[in-house]
Each structure stands twice: as structure tokens, then as C-alpha cells.
Amino acid sequence: MSLTKSERRQRIKFRIRKIVSGTATKPRLSVFRSNKEIYAQIIDDVNGVTLLAASSREKGVDTKGTNVEVAAAVGKLVAEKALKAGIETVNFDRGGYLYHGRIKSLAEGARAAGLKF
């Protein structure tokens, strides 16, 4: 039996989520990648609350350039918002995607802006 791409990603996502979770002191940075946009949320799983979010659809993000450059800008934006909210360290949740391309770019952009993970 062959799995579809989305079913395979869902299995990987559940496997990651068994291990990675966020607390109030060290929340989870969750990433979602669609064909057009990229989204990042910082989540406290203990209380079930999204603390903040950033995406490529926001006004502060320059959408000119490649998808990888846009993802880096979203990573930088989410890191700036997190530092302003007093969050310095997070657990990175790649959401079942490979750590490559836009996901890697978002993570490196967040690290460059001062977020630790």
C-alpha cells in the first residue's frame, strides 16, 4: 500500500509531535508551508494558546524575490515579534517537512534575528 504525499507528511508530523511540545517558558515554533505562502506560529501547548504568529501575507514582509528569501523574512519577523514578547528560546517544529529549502531558510532567518533553538 502506497501512501500519498500528504499522508506521509501527516505520519512524520505525528512522530515529531510525540517528542516536540511547547511550554510557557519554551514554546513551540510551528511552521506550515503552502504552495504560495509560509506561516509560522509560536504555541504554548500546555495552555493550548497561540502566543504569536507571522506569515508571508503580512504587510511587513517583502514578497518580492524567491520563496526562500520570503521564508527568511518571515523567520526574521517571527523572531522579532517573539523577542518583543519576551520569548528567547523555542522548540522548532518543522511540521513534517524536510529541513530544506523554505523551512531551513525560515529557521535560519529566525536564528539570525536572535531566536535560540
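Residues numbered from 1 in each chain as written. Predicted model: local features only at pLDDT ≥ 70, side-chain atom pairs only at ≥ 80, totals over all residues. Heavy atoms only, no water.

Looking up the chain in an unreviewed UniProt entry gives the name Large ribosomal subunit protein uL18, with the organism given as Flavobacterium ichthyis. Recorded in UniProt under Sequence similarities (unreviewed entry), the annotation for the chain is "Belongs to the universal ribosomal protein uL18 family." Check the Function (unreviewed entry) section of the UniProt entry for the chain; it says "This is one of the proteins that bind and probably mediate the attachment of the 5S RNA into the large ribosomal subunit, where it forms part of the central protuberance." (UniProt positions renumbered as here; feature names shortened; annotations may be inferred.)

A.B. asks: What am I meant to see in the layout of surface pockets here?
C.D. replies: One simple way to see leftover space: roll a probe sized like a water molecule over the atoms. One number sums up the size of the largest pocket: a volume of about 270 Å³. Along the walls of the largest pocket sit Lys5, Ser6, Arg8, Arg9, Ile12, Arg33, Gly96, Tyr97, Leu98 and His100, which together make up its complete lining. Split by residue class, the lining of the largest pocket holds 3 nonpolar, 3 polar and 4 charged. (1 Å grid on protein atoms, 1.4 Å probe; cavity = no way out; pocket = protein on both sides within 12 Å on 5 of 7 lines; lining within 4 Å. Points joined across faces, edges and corners; volume = space filled by probe spheres on them. Nonpolar A, V, L, I, M, F, W, Y, C, P; charged D, E, K, R; others polar.)

A.B. asks: Whenever I open this one, a positive patch on the surface confuses me. Can you help?
C.D. replies: A cluster of like positive charges, contributed by Arg8, Arg11, Arg15 and Lys18, occupies part of the molecular surface. Positionally, arginine 15 belongs in helix 1 (residues 5-19). (Patch = residues over 30% accessible without salt bridge, like charges linked within 9 Å, V, L, I, M, F, W, Y side chains within 5 Å. Areas by Shrake-Rupley, 256 points an atom, 1.4 Å probe, with all protein chains shown as cover. Salt bridge = Lys/Arg side-chain N within 4 Å of Asp/Glu carboxyl O. Lys, Arg positive; Asp, Glu negative; His and termini not counted. Charge placed at Lys NZ, Arg CZ, Asp CG, Glu CD. Helix = DSSP H or I, 4+ residues; strand = E, 2+ residues; numbered from the N terminus.)

A.B. asks: Explain the sheet that holds strand 4 (residues 91-93) here, please?
C.D. replies: Whenever strands of a sheet pair, they do so through backbone hydrogen bonds, lying parallel or antiparallel. Strand order across the open sheet formed by 4 strands is 3-2-1-4, with mixed pairing between neighbours. Edge positions in the sheet fall to strand 3 (49-55) and strand 4, since each has one partner strand and no second. If you compare each strand with its neighbour and ignore which way they point, the axes differ by 20° on average. Note that strand 2 (residues 38-44) and strand 3 share 6 bridges and pair antiparallel. Looking at strand 3, one finds that isoleucine 42 is bridged to leucine 52. Against the sheet, helix 2 (residues 67-84) engages strand 1 (28-33), strand 2 and strand 3, with an angle of about 140° to strand 3. (Pairing = 2+ DSSP bridges. Axes fitted to C-alpha atoms, helices over the stretch in contact; angles between N-to-C directions. Contact = heavy atoms within 4.5 Å.)

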